[in-house]
Amino acid sequence: MDRERPSWPHAETPLEAAVLAARWIRGAAVDDELGRWWRPNPDAQGRSALPDASASIYAGAAGIVLFFIELATATGDESYLADAAAGARRLAATVAGGGGDPTLYHGTAGVMFALAEAGWATGEAAFEDAARTAADRLVRRLRGFGGSGHAALRTRGVGWTSDPALRGDGGIVLALLHASGMLGVPEYERVAVEAGERIAELVVPGHRFGEEGCADLPLDAVTPGFLSGTAGTAFVLARLYGVTRERAFLEAARRGADFVRTVSVVSGRCALVPHHVPQGRALHYLGFCSGSAGVARLFYELHRIGEEPARAAAADLEWVERLALGIMQSGVPHRQTEGFWNVACQCCGTAGLVELFVGMWSATGRDVYLDFARVLAENLIGRATGGDGAGYRWYQAYRRLRPWEVTADTGYMVGAAGIASALLHLHAAEHPEQAGRQVLLPDNPFPAIPLPTPSLN
(Lines give C-alpha, C1' and ligand atoms only; values in the text may rest on other atoms or scores of the structure.)
Protein backbone atom coordinates (compact mmCIF):
# COMPACT_ATOMS: atom_id res chain seq x y z
CA MET A 1 0.00 0.00 0.00
CA ASP A 2 1.36 3.41 -0.99
CA ARG A 3 1.44 5.46 2.19
CA GLU A 4 2.86 8.62 0.60
CA ARG A 5 0.68 11.71 0.44
CA PRO A 6 -1.05 12.22 -2.90
CA SER A 7 0.42 14.87 -5.18
CA TRP A 8 -2.93 16.66 -5.58
CA PRO A 9 -4.18 19.07 -2.89
CA HIS A 10 -5.59 17.19 0.08
CA ALA A 11 -7.64 18.83 2.84
CA GLU A 12 -6.68 18.18 6.44
CA THR A 13 -9.24 20.56 7.96
CA PRO A 14 -12.82 21.68 7.25
CA LEU A 15 -11.56 25.09 6.15
CA GLU A 16 -9.13 23.59 3.65
CA ALA A 17 -11.92 21.43 2.24
CA ALA A 18 -14.15 24.49 1.85
CA VAL A 19 -11.39 26.33 -0.02
CA LEU A 20 -10.93 23.37 -2.37
CA ALA A 21 -14.70 23.26 -2.95
CA ALA A 22 -14.56 26.95 -3.85
CA ARG A 23 -11.91 26.14 -6.47
CA TRP A 24 -14.28 23.69 -8.18
CA ILE A 25 -17.25 26.05 -7.94
CA ARG A 26 -15.17 28.87 -9.42
CA GLY A 27 -14.42 26.58 -12.34
CA ALA A 28 -18.17 26.45 -13.02
CA ALA A 29 -18.57 30.25 -13.20
CA VAL A 30 -20.13 31.88 -16.25
CA ASP A 31 -19.97 35.67 -16.66
CA ASP A 32 -22.35 37.55 -18.93
CA GLU A 33 -23.61 41.12 -19.30
CA LEU A 34 -25.77 40.77 -16.17
CA GLY A 35 -23.18 39.33 -13.78
CA ARG A 36 -22.14 35.83 -12.75
CA TRP A 37 -23.87 32.51 -12.43
CA TRP A 38 -22.54 29.00 -11.93
CA ARG A 39 -23.26 25.89 -13.96
CA PRO A 40 -25.07 23.35 -11.76
CA ASN A 41 -22.68 20.63 -12.91
CA PRO A 42 -19.53 21.66 -14.83
CA ASP A 43 -18.48 18.10 -15.63
CA ALA A 44 -18.15 17.33 -19.31
CA GLN A 45 -21.60 16.14 -20.40
CA GLY A 46 -22.53 16.21 -16.72
CA ARG A 47 -26.15 16.32 -15.61
CA SER A 48 -27.38 18.20 -12.56
CA ALA A 49 -29.77 16.98 -9.89
CA LEU A 50 -31.85 20.12 -10.54
CA PRO A 51 -30.77 21.70 -13.84
CA ASP A 52 -33.50 24.38 -13.98
CA ALA A 53 -32.63 26.34 -10.83
CA SER A 54 -30.00 28.84 -11.97
CA ALA A 55 -30.92 31.58 -9.47
CA SER A 56 -32.27 29.68 -6.47
CA ILE A 57 -30.92 29.09 -2.99
CA TYR A 58 -31.61 25.40 -3.39
CA ALA A 59 -29.43 24.68 -6.41
CA GLY A 60 -28.45 27.97 -8.03
CA ALA A 61 -26.63 31.27 -7.70
CA ALA A 62 -28.31 32.58 -4.56
CA GLY A 63 -26.99 29.71 -2.46
CA ILE A 64 -23.50 29.99 -3.97
CA VAL A 65 -23.45 33.72 -3.18
CA LEU A 66 -24.14 32.86 0.46
CA PHE A 67 -21.26 30.37 0.47
CA PHE A 68 -18.76 32.87 -0.91
CA ILE A 69 -19.84 35.46 1.68
CA GLU A 70 -19.06 32.97 4.43
CA LEU A 71 -15.78 31.85 2.88
CA ALA A 72 -14.59 35.45 2.66
CA THR A 73 -15.31 35.87 6.37
CA ALA A 74 -13.58 32.62 7.31
CA THR A 75 -10.43 33.21 5.26
CA GLY A 76 -10.13 36.99 5.11
CA ASP A 77 -9.70 36.62 1.34
CA GLU A 78 -11.53 39.51 -0.32
CA SER A 79 -11.55 37.74 -3.69
CA TYR A 80 -14.31 35.48 -2.42
CA LEU A 81 -16.39 38.53 -1.56
CA ALA A 82 -15.87 39.66 -5.15
CA ASP A 83 -17.29 36.30 -6.29
CA ALA A 84 -20.33 36.87 -4.09
CA ALA A 85 -20.79 40.41 -5.40
CA ALA A 86 -20.60 39.27 -9.04
CA GLY A 87 -23.31 36.70 -8.35
CA ALA A 88 -25.42 39.20 -6.42
CA ARG A 89 -25.34 41.63 -9.34
CA ARG A 90 -26.91 39.01 -11.55
CA LEU A 91 -29.47 38.17 -8.86
CA ALA A 92 -30.40 41.84 -8.71
CA ALA A 93 -30.97 41.79 -12.47
CA THR A 94 -33.10 38.64 -12.03
CA VAL A 95 -35.27 40.44 -9.50
CA ALA A 96 -35.70 43.37 -11.87
CA GLY A 97 -37.12 40.94 -14.42
CA GLY A 98 -39.96 39.95 -12.07
CA GLY A 99 -42.26 36.94 -12.10
CA GLY A 100 -41.38 33.33 -11.39
CA ASP A 101 -41.53 31.13 -8.33
CA PRO A 102 -42.08 33.20 -5.13
CA THR A 103 -40.72 30.68 -2.61
CA LEU A 104 -37.68 30.67 -0.32
CA TYR A 105 -35.78 27.67 -1.62
CA HIS A 106 -36.64 27.90 -5.31
CA GLY A 107 -37.61 31.47 -6.04
CA THR A 108 -37.92 35.18 -5.28
CA ALA A 109 -37.92 34.95 -1.48
CA GLY A 110 -34.59 33.13 -1.54
CA VAL A 111 -33.07 35.63 -3.97
CA MET A 112 -34.27 38.40 -1.66
CA PHE A 113 -32.57 36.73 1.30
CA ALA A 114 -29.28 36.35 -0.57
CA LEU A 115 -29.34 39.96 -1.77
CA ALA A 116 -29.98 41.27 1.74
CA GLU A 117 -27.05 39.24 3.07
CA ALA A 118 -24.84 40.39 0.16
CA GLY A 119 -25.73 43.99 0.90
CA TRP A 120 -24.84 43.53 4.56
CA ALA A 121 -21.52 41.82 3.73
CA THR A 122 -20.34 44.08 0.91
CA GLY A 123 -21.86 47.41 1.88
CA GLU A 124 -23.28 47.83 -1.63
CA ALA A 125 -26.59 49.67 -1.29
CA ALA A 126 -27.71 48.40 -4.70
CA PHE A 127 -28.05 44.89 -3.31
CA GLU A 128 -30.25 46.05 -0.44
CA ASP A 129 -32.33 48.06 -2.91
CA ALA A 130 -32.79 44.96 -5.04
CA ALA A 131 -33.75 42.96 -1.94
CA ARG A 132 -36.44 45.55 -1.17
CA THR A 133 -37.65 45.32 -4.76
CA ALA A 134 -38.01 41.56 -4.35
CA ALA A 135 -39.80 41.92 -1.00
CA ASP A 136 -42.15 44.57 -2.42
CA ARG A 137 -42.96 42.22 -5.29
CA LEU A 138 -43.82 39.46 -2.82
CA VAL A 139 -46.12 41.82 -0.95
CA ARG A 140 -47.90 42.73 -4.18
CA ARG A 141 -48.28 39.07 -5.15
CA LEU A 142 -50.17 38.23 -1.96
CA ARG A 143 -53.60 36.85 -2.85
CA GLY A 144 -56.72 35.70 -1.10
CA PHE A 145 -57.82 32.10 -0.70
CA GLY A 146 -61.41 30.96 -0.40
CA GLY A 147 -62.99 28.06 1.42
CA SER A 148 -62.99 25.43 -1.32
CA GLY A 149 -60.58 22.82 -2.61
CA HIS A 150 -58.48 20.24 -0.79
CA ALA A 151 -59.48 19.61 2.84
CA ALA A 152 -56.04 20.71 4.11
CA LEU A 153 -56.36 24.02 2.25
CA ARG A 154 -59.99 25.05 2.88
CA THR A 155 -58.92 27.93 5.07
CA ARG A 156 -59.73 31.53 4.25
CA GLY A 157 -56.93 34.07 4.31
CA VAL A 158 -54.01 35.26 2.22
CA GLY A 159 -50.89 33.65 0.82
CA TRP A 160 -48.90 32.99 -2.33
CA THR A 161 -49.19 29.29 -3.11
CA SER A 162 -51.47 26.39 -2.26
CA ASP A 163 -48.74 24.95 -0.02
CA PRO A 164 -48.50 26.06 3.65
CA ALA A 165 -45.21 24.21 4.24
CA LEU A 166 -41.67 25.60 4.27
CA ARG A 167 -41.24 24.88 0.59
CA GLY A 168 -44.30 27.06 -0.06
CA ASP A 169 -45.87 29.90 1.92
CA GLY A 170 -44.09 29.01 5.15
CA GLY A 171 -40.68 29.76 3.66
CA ILE A 172 -41.89 33.07 2.24
CA VAL A 173 -43.17 34.06 5.70
CA LEU A 174 -39.75 33.37 7.23
CA ALA A 175 -37.97 35.29 4.46
CA LEU A 176 -40.20 38.34 4.96
CA LEU A 177 -39.62 38.29 8.72
CA HIS A 178 -35.88 38.27 8.03
CA ALA A 179 -36.20 41.06 5.46
CA SER A 180 -38.22 43.19 7.86
CA GLY A 181 -35.33 43.20 10.31
CA MET A 182 -32.45 43.35 7.81
CA LEU A 183 -34.00 46.02 5.62
CA GLY A 184 -35.92 47.94 8.28
CA VAL A 185 -39.39 47.68 6.70
CA PRO A 186 -42.13 46.82 9.26
CA GLU A 187 -44.66 46.21 6.47
CA TYR A 188 -42.91 42.96 5.57
CA GLU A 189 -43.48 41.61 9.07
CA ARG A 190 -47.14 42.64 8.95
CA VAL A 191 -47.67 40.74 5.69
CA ALA A 192 -45.82 37.70 7.04
CA VAL A 193 -48.04 37.61 10.12
CA GLU A 194 -51.20 37.99 8.04
CA ALA A 195 -50.19 35.08 5.81
CA GLY A 196 -49.30 33.05 8.91
CA GLU A 197 -52.78 33.50 10.33
CA ARG A 198 -54.21 31.40 7.53
CA ILE A 199 -51.63 28.66 8.09
CA ALA A 200 -52.46 28.62 11.80
CA GLU A 201 -56.09 27.75 11.03
CA LEU A 202 -55.17 24.26 9.81
CA VAL A 203 -56.22 21.53 12.25
CA VAL A 204 -52.80 19.89 12.09
CA PRO A 205 -50.55 22.35 10.28
CA GLY A 206 -48.33 21.08 7.54
CA HIS A 207 -50.15 17.96 6.40
CA ARG A 208 -49.09 17.24 2.85
CA PHE A 209 -50.73 14.56 0.78
CA GLY A 210 -49.41 12.62 -2.21
CA GLU A 211 -50.66 15.00 -4.85
CA GLU A 212 -49.02 17.83 -6.81
CA GLY A 213 -45.28 17.96 -6.09
CA CYS A 214 -45.38 14.60 -4.29
CA ALA A 215 -45.54 12.20 -7.20
CA ASP A 216 -43.58 9.52 -5.35
CA LEU A 217 -46.10 9.35 -2.48
CA PRO A 218 -49.47 7.60 -2.25
CA LEU A 219 -52.47 9.92 -2.53
CA ASP A 220 -53.38 9.52 1.14
CA ALA A 221 -49.83 9.96 2.47
CA VAL A 222 -49.11 12.56 5.17
CA THR A 223 -45.56 13.84 5.72
CA PRO A 224 -44.46 14.93 9.22
CA GLY A 225 -41.05 16.17 8.02
CA PHE A 226 -39.53 19.62 7.77
CA LEU A 227 -39.27 21.02 4.25
CA SER A 228 -42.63 19.80 2.96
CA GLY A 229 -44.47 18.61 6.06
CA THR A 230 -45.86 19.20 9.51
CA ALA A 231 -42.65 19.93 11.41
CA GLY A 232 -41.52 22.74 9.13
CA THR A 233 -44.95 24.37 9.06
CA ALA A 234 -45.15 24.19 12.84
CA PHE A 235 -41.68 25.77 12.97
CA VAL A 236 -42.99 28.77 11.01
CA LEU A 237 -45.87 29.14 13.46
CA ALA A 238 -43.54 28.91 16.45
CA ARG A 239 -41.38 31.65 14.91
CA LEU A 240 -44.48 33.80 14.43
CA TYR A 241 -45.39 33.28 18.08
CA GLY A 242 -41.90 34.42 19.05
CA VAL A 243 -42.41 37.58 16.99
CA THR A 244 -46.01 38.42 17.98
CA ARG A 245 -46.71 36.50 21.22
CA GLU A 246 -50.15 35.69 19.81
CA ARG A 247 -51.34 32.46 21.43
CA ALA A 248 -53.05 31.22 18.26
CA PHE A 249 -49.66 30.73 16.65
CA LEU A 250 -48.28 28.84 19.63
CA GLU A 251 -51.35 26.61 19.88
CA ALA A 252 -51.12 25.75 16.18
CA ALA A 253 -47.38 25.05 16.47
CA ARG A 254 -48.08 22.79 19.44
CA ARG A 255 -50.68 20.87 17.43
CA GLY A 256 -48.06 20.22 14.80
CA ALA A 257 -45.41 19.20 17.34
CA ASP A 258 -47.85 16.87 19.08
CA PHE A 259 -48.63 15.19 15.76
CA VAL A 260 -44.93 14.66 15.05
CA ARG A 261 -44.42 13.15 18.52
CA THR A 262 -47.41 10.88 18.04
CA VAL A 263 -46.22 9.35 14.79
CA SER A 264 -42.53 9.09 15.75
CA VAL A 265 -40.85 5.86 16.79
CA VAL A 266 -39.38 6.14 20.30
CA SER A 267 -36.90 3.62 21.69
CA GLY A 268 -35.32 4.44 25.03
CA ARG A 269 -33.90 7.95 24.70
CA CYS A 270 -33.91 7.86 20.89
CA ALA A 271 -36.57 9.02 18.43
CA LEU A 272 -36.95 8.58 14.67
CA VAL A 273 -39.52 10.24 12.41
CA PRO A 274 -41.31 8.36 9.60
CA HIS A 275 -40.96 9.78 6.13
CA HIS A 276 -44.71 9.55 5.61
CA VAL A 277 -47.70 7.90 7.22
CA PRO A 278 -49.45 5.56 7.20
CA GLN A 279 -47.45 3.70 4.54
CA GLY A 280 -43.89 4.78 5.36
CA ARG A 281 -43.72 4.31 9.12
CA ALA A 282 -40.59 2.16 8.82
CA LEU A 283 -38.79 4.58 6.46
CA HIS A 284 -36.79 6.99 8.62
CA TYR A 285 -34.94 9.78 6.88
CA LEU A 286 -32.18 11.32 8.98
CA GLY A 287 -31.45 14.49 7.02
CA PHE A 288 -32.87 18.01 6.87
CA CYS A 289 -35.70 17.77 4.36
CA SER A 290 -37.78 14.90 5.74
CA GLY A 291 -35.84 13.50 8.68
CA SER A 292 -34.55 14.00 12.19
CA ALA A 293 -32.10 16.82 11.43
CA GLY A 294 -34.90 19.03 10.17
CA VAL A 295 -37.57 18.00 12.67
CA ALA A 296 -35.16 18.79 15.52
CA ARG A 297 -35.28 22.43 14.42
CA LEU A 298 -38.98 22.61 15.27
CA PHE A 299 -38.43 21.44 18.83
CA TYR A 300 -35.43 23.70 19.35
CA GLU A 301 -37.46 26.68 18.10
CA LEU A 302 -40.22 25.83 20.58
CA HIS A 303 -37.57 25.62 23.30
CA ARG A 304 -35.93 28.87 22.16
CA ILE A 305 -39.02 31.08 22.20
CA GLY A 306 -39.21 30.76 25.98
CA GLU A 307 -42.77 29.61 26.44
CA GLU A 308 -44.18 29.27 29.96
CA PRO A 309 -44.35 27.00 31.84
CA ALA A 310 -40.66 26.21 31.77
CA ARG A 311 -41.29 22.45 31.84
CA ALA A 312 -42.73 22.64 28.32
CA ALA A 313 -39.52 24.23 27.03
CA ALA A 314 -37.47 21.56 28.80
CA ALA A 315 -39.54 18.83 27.16
CA ASP A 316 -38.91 20.42 23.77
CA LEU A 317 -35.14 20.38 24.31
CA GLU A 318 -35.42 16.76 25.40
CA TRP A 319 -36.99 15.96 22.03
CA VAL A 320 -34.19 17.73 20.18
CA GLU A 321 -31.76 15.48 22.04
CA ARG A 322 -33.88 12.37 21.38
CA LEU A 323 -33.76 13.03 17.65
CA ALA A 324 -30.02 13.72 17.77
CA LEU A 325 -29.35 10.54 19.70
CA GLY A 326 -31.43 8.58 17.19
CA ILE A 327 -29.07 9.81 14.46
CA MET A 328 -25.97 9.01 16.50
CA GLN A 329 -27.19 5.49 17.32
CA SER A 330 -28.07 4.71 13.70
CA GLY A 331 -24.45 4.05 12.72
CA VAL A 332 -24.11 6.95 10.28
CA PRO A 333 -22.05 8.22 8.59
CA HIS A 334 -20.17 4.94 8.20
CA ARG A 335 -23.35 2.91 7.78
CA GLN A 336 -25.90 3.64 5.09
CA THR A 337 -29.57 3.09 5.89
CA GLU A 338 -32.70 3.22 3.77
CA GLY A 339 -33.26 6.80 4.91
CA PHE A 340 -29.58 7.82 4.73
CA TRP A 341 -28.19 6.56 1.47
CA ASN A 342 -25.34 7.65 -0.81
CA VAL A 343 -25.97 11.35 -0.24
CA ALA A 344 -23.74 14.12 1.14
CA CYS A 345 -25.70 17.35 0.62
CA GLN A 346 -27.46 19.77 2.95
CA CYS A 347 -30.95 18.64 1.96
CA CYS A 348 -30.93 14.98 2.89
CA GLY A 349 -27.33 14.06 3.54
CA THR A 350 -24.30 14.36 5.80
CA ALA A 351 -23.89 18.13 5.50
CA GLY A 352 -27.36 18.66 6.95
CA LEU A 353 -26.34 16.54 9.94
CA VAL A 354 -23.19 18.64 10.43
CA GLU A 355 -25.44 21.72 10.61
CA LEU A 356 -27.58 20.09 13.29
CA PHE A 357 -24.74 18.96 15.52
CA VAL A 358 -22.75 22.19 15.27
CA GLY A 359 -25.97 24.03 16.11
CA MET A 360 -26.68 21.78 19.07
CA TRP A 361 -23.17 22.32 20.42
CA SER A 362 -23.64 26.08 20.02
CA ALA A 363 -26.92 25.86 21.89
CA THR A 364 -25.92 23.50 24.70
CA GLY A 365 -22.13 23.50 24.97
CA ARG A 366 -22.10 19.70 25.09
CA ASP A 367 -18.88 18.44 23.53
CA VAL A 368 -20.49 15.16 22.46
CA TYR A 369 -22.31 17.07 19.72
CA LEU A 370 -19.20 18.84 18.45
CA ASP A 371 -17.30 15.55 18.49
CA PHE A 372 -19.98 13.91 16.35
CA ALA A 373 -19.95 16.87 13.95
CA ARG A 374 -16.23 16.22 13.53
CA VAL A 375 -16.89 12.56 12.72
CA LEU A 376 -19.43 13.62 10.09
CA ALA A 377 -17.05 16.20 8.62
CA GLU A 378 -14.19 13.72 8.44
CA ASN A 379 -16.44 11.42 6.46
CA LEU A 380 -17.43 14.25 4.10
CA ILE A 381 -13.83 15.28 3.49
CA GLY A 382 -12.81 11.68 2.95
CA ARG A 383 -15.42 11.06 0.29
CA ALA A 384 -14.70 14.24 -1.70
CA THR A 385 -13.39 13.89 -5.25
CA GLY A 386 -10.48 16.15 -6.21
CA GLY A 387 -7.69 14.09 -7.69
CA ASP A 388 -7.62 16.07 -10.93
CA GLY A 389 -6.65 19.29 -9.14
CA ALA A 390 -9.91 21.01 -10.14
CA GLY A 391 -11.10 21.21 -6.55
CA TYR A 392 -13.44 19.30 -4.27
CA ARG A 393 -16.88 18.04 -5.26
CA TRP A 394 -19.12 15.33 -3.94
CA TYR A 395 -20.70 12.68 -6.15
CA GLN A 396 -23.95 11.37 -4.74
CA ALA A 397 -27.33 9.83 -5.56
CA TYR A 398 -29.48 12.87 -4.76
CA ARG A 399 -32.75 11.00 -5.40
CA ARG A 400 -33.12 7.97 -3.15
CA LEU A 401 -35.41 6.16 -5.57
CA ARG A 402 -32.94 6.57 -8.47
CA PRO A 403 -29.63 5.38 -6.99
CA TRP A 404 -28.12 5.00 -10.47
CA GLU A 405 -28.28 8.79 -11.03
CA VAL A 406 -24.98 9.93 -9.50
CA THR A 407 -24.05 13.61 -9.94
CA ALA A 408 -21.86 16.30 -8.41
CA ASP A 409 -23.55 19.71 -8.12
CA THR A 410 -22.32 23.18 -7.26
CA GLY A 411 -25.47 24.37 -5.43
CA TYR A 412 -26.25 24.95 -1.76
CA MET A 413 -28.87 22.40 -0.78
CA VAL A 414 -27.80 19.82 -3.37
CA GLY A 415 -24.07 20.23 -3.73
CA ALA A 416 -20.62 21.60 -2.95
CA ALA A 417 -21.60 25.12 -1.82
CA GLY A 418 -23.83 23.84 0.98
CA ILE A 419 -21.46 21.04 1.98
CA ALA A 420 -18.59 23.53 2.22
CA SER A 421 -20.77 25.97 4.19
CA ALA A 422 -21.50 23.28 6.75
CA LEU A 423 -17.75 22.65 7.03
CA LEU A 424 -17.19 26.38 7.54
CA HIS A 425 -19.67 26.33 10.43
CA LEU A 426 -17.71 23.52 12.04
CA HIS A 427 -14.47 25.44 11.48
CA ALA A 428 -15.97 28.44 13.26
CA ALA A 429 -17.02 26.26 16.19
CA GLU A 430 -13.51 24.84 16.46
CA HIS A 431 -11.90 28.30 16.41
CA PRO A 432 -13.89 30.45 18.86
CA GLU A 433 -11.17 33.10 18.85
CA GLN A 434 -12.14 33.79 15.23
CA ALA A 435 -15.89 33.43 15.70
CA GLY A 436 -18.08 35.75 13.70
CA ARG A 437 -21.63 35.87 12.44
CA GLN A 438 -22.59 32.94 10.22
CA VAL A 439 -25.05 33.13 7.33
CA LEU A 440 -27.84 30.81 8.45
CA LEU A 441 -31.02 30.34 6.45
CA PRO A 442 -34.20 31.69 8.08
CA ASP A 443 -35.35 28.20 9.12
CA ASN A 444 -32.17 27.53 11.15
CA PRO A 445 -32.97 28.37 14.81
CA PHE A 446 -29.51 27.72 16.24
CA PRO A 447 -27.14 30.54 17.31
CA ALA A 448 -25.68 32.52 14.41
CA ILE A 449 -22.43 32.91 16.33
CA PRO A 450 -21.09 29.37 16.88
CA LEU A 451 -20.17 29.59 20.55
CA PRO A 452 -21.74 27.49 23.29
CA THR A 453 -24.63 29.45 24.76
CA PRO A 454 -23.24 29.29 28.33
CA SER A 455 -20.09 31.12 27.18
CA LEU A 456 -22.22 34.07 26.04
CA ASN A 457 -23.86 34.56 29.45
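That block above? That's the structure.
As the structure is a prediction and not an experimental result, all values here were calculated from the model.

Participant: Describe the nonpolar core, and please don't skip the residues or the numbers.
Facilitator: Ranked by size, the top nonpolar core spans 148 residues in total, and within it Leu115, Leu176, Phe299 and Trp394 carry the most contacts. Looking at this core element by element, the count peaks at 10 residues for helix α2 (residues 61-75). Setting aside anything within four residues of it in sequence, one finds Leu176 in contact with Met112, Ala135, Leu138, Trp160, Tyr188, Glu189, Val191 and Ala192.

Participant: Could you give an account of helix α6 (residues 166-183), with specific residues and numbers?
Facilitator: The end-to-end C-alpha separation of α6 is 22 Å, well short of the 26 Å expected for 18 residues at 1.5 Å each. At Ile172, α6 shows its maximal bend, which comes to roughly 25°. Burial analysis of α6 places 14 of its 18 residues in the buried class, which makes it a mostly covered element. A positive phi of about 70° marks Gly184, the residue just after α6.

Participant: Tell me about the packing of aromatic side chains, and please be specific about residues and values.
Facilitator: As enumerated under the stated definition, the model contains 13 aromatic pairs in all. With a centroid separation of 6.2 Å and an interplanar angle of 80°, the aromatic rings of Tyr58 and Tyr105 are classed as edge-to-face. Taken together, the residues Tyr58 in the loop between β2 (35-38) and α2 and Tyr105 in the loop between α3 (78-97) and α4 (108-122) connect sequence positions 47 residues apart. Residue classification places Tyr105 among the buried positions, given a relative accessible area of 2%. Relative to Tyr80, the ring of Phe68 lies with its centre 6.1 Å away and its plane at 15°, an arrangement referred to as stacked. Of this pair, Phe68 sits in helix α2 while Tyr80 is found in helix α3, placing the two residues 12 residues apart along the sequence. As far as the burial class goes, Phe68 and Tyr80 line up, both buried.

Participant: Now, about unusual backbone geometry: what can you tell me, with residues and values included?
Facilitator: In this chain, Val277 is followed by Pro278 through a cis amide linkage whose omega measures 5°. Among the structural elements, Pro278 can be located in the loop between β6 (270-272) and α10 (292-304). Following Val332, the chain continues to Pro333 via a peptide bond in cis, the omega torsion being 10°. Positionally, Pro333 belongs in the loop between α11 (310-328) and α12 (350-364). Unusually for a residue other than glycine, Arg245 sits at a positive phi of about 60°.

Participant: Can you tell me about the pairing of β2, naming the residues and giving the values?
Facilitator: Here strand β1 (residues 29-32) pairs with β2 via four bridges, running antiparallel. Bridging from a neighbouring strand, Asp31 pairs with Arg36 of β2. Once β1 ends, the chain turns through two residues before running back antiparallel as β2.

Participant: Could you give an account of the pattern of salt bridges, naming the residues involved and the relevant values?
Facilitator: Following the criterion strictly, the structure yields 24 salt bridges and no others. Two residues, Glu124 and Arg89, come together in a salt bridge whose shortest N-O distance is 3.9 Å. With Glu124 in the loop between α4 and α5 (125-141) and Arg89 in helix α3, this pair connects stretches of sequence that are 35 residues apart. Note on Arg89: relative accessible area 41%, which makes it partly exposed. A salt bridge links Arg167 to Asp163; the nearest nitrogen and oxygen atoms lie 2.9 Å apart. Counted as one network, the salt bridges with shared partners bring together Arg26, Asp31, Arg36 and Asp83.

Cut-offs used in this document
Per chain, the residues get numbers from 1 upward, laid out in the order the sequence is written. Selection of residues for local features in this predicted model requires a pLDDT of at least 70, selection of side-chain atom pairs for listing and counting requires 80 or more, and totals for whole chains, interfaces and linings are taken over all residues. Neither water nor hydrogens contribute to the side-chain values; these are computed over all heavy atoms in the structure. Grouping buried Ala, Val, Leu, Ile, Met, Phe, Trp, Tyr and Cys residues that are joined through side-chain atoms within 4.5 Å yields what is termed a nonpolar core. Each residue is assigned to one of three classes by its accessible area relative to the maximum for its type, calculated with a 1.4 Å probe on protein chains only: buried under 20%, partly exposed between the two thresholds, exposed over 50%. Each helix corresponds to a stretch of at least 4 residues labelled H or I by DSSP, and each strand to a stretch of at least 2 residues labelled E; elements are numbered beginning at the N terminus. We call two residues in contact when some of their heavy atoms are within 4.5 Å. Residue count minus one, scaled by 1.5 Å, sets the expected span of a helix. Consider a residue and the seven residues that end there alongside the seven that start there; fitting an axis to each set, the bend is the angle between those axes. Ring pairs shown here join Phe, Tyr and Trp side chains whose ring centres sit within 6.5 Å, with only the six-membered ring taken for Trp; geometry is labelled stacked below 30 degrees between planes, edge-to-face above 60, and tilted in between. Between any two strands, pairing holds if DSSP finds at least two bridges. By convention in these notes, a salt bridge is any Lys or Arg side-chain nitrogen within 4 Å of a carboxyl oxygen on Asp or Glu.

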